[in-house]
Amino acid sequence: MNESWLTITEKAAAKLREIALAENNQTSSVRVAVVRTHCMGGKGFNNKLEFDTPTADDKVLENNGIQLCVDEA
């Protein structure tokens, strides 16, 4: 996977830290995912962004102090 597949700007990183603090979330990792939806007869997709801890199968990058994790599968 290309190391520049996603960039978190300083402003976005600050907002993510603000949200994590408001939710009393101790992780600085954000999971980026594409999930299948039931719309369009099960052929639709939706983006998912959530605080999560990376797993052994994840590709992990760091931008502006925020870890981005994605399961390449």
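Residues numbered from 1 in each chain as written. Predicted model: local features only at pLDDT ≥ 70, side-chain atom pairs only at ≥ 80, totals over all residues. Heavy atoms only, no water.

A.B. asks: Mind showing me how you'd approach the overall build of the protein chain here?
C.D. replies: For the protein chain, the count of helices and strands is two helices and four strands. Helices and strands appear in the protein chain in the N-to-C order α-β-α-β-β-β. Each principal axis of the C-alpha atoms in the protein chain carries an extent, and together these give about 40 × 30 × 25 Å. Put simply, of all contacts in the protein chain between residues at least 6 apart along the chain, 49% involve residues at least 24 apart. By element, 51% of the accessible surface of the protein chain is carried by carbon and sulfur atoms, the whole surface being about 5400 Å². Across the protein chain, the 8 positively charged side chains and the 11 negatively charged ones have centroids separated by 8 Å. (Helix = DSSP H or I, 4+ residues; strand = E, 2+ residues; numbered from the N terminus. Contact = heavy atoms within 4.5 Å. Areas by Shrake-Rupley, 256 points an atom, 1.4 Å probe, with all protein chains shown as cover. Lys, Arg positive; Asp, Glu negative; His and termini not counted. Charge placed at Lys NZ, Arg CZ, Asp CG, Glu CD.)

A.B. asks: Hey, could you run me through the pairing of strand E3 (residues 58-63) in this one?
C.D. replies: A regular strand carries its side chains on alternate faces of the sheet. For E3 and strand E4 (residues 66-71), the ladder comprises six bridges, and the chain directions are antiparallel. Across the sheet, the residue bridging to Leu 61 is Leu 68, located in E4. (Pairing = 2+ DSSP bridges.)

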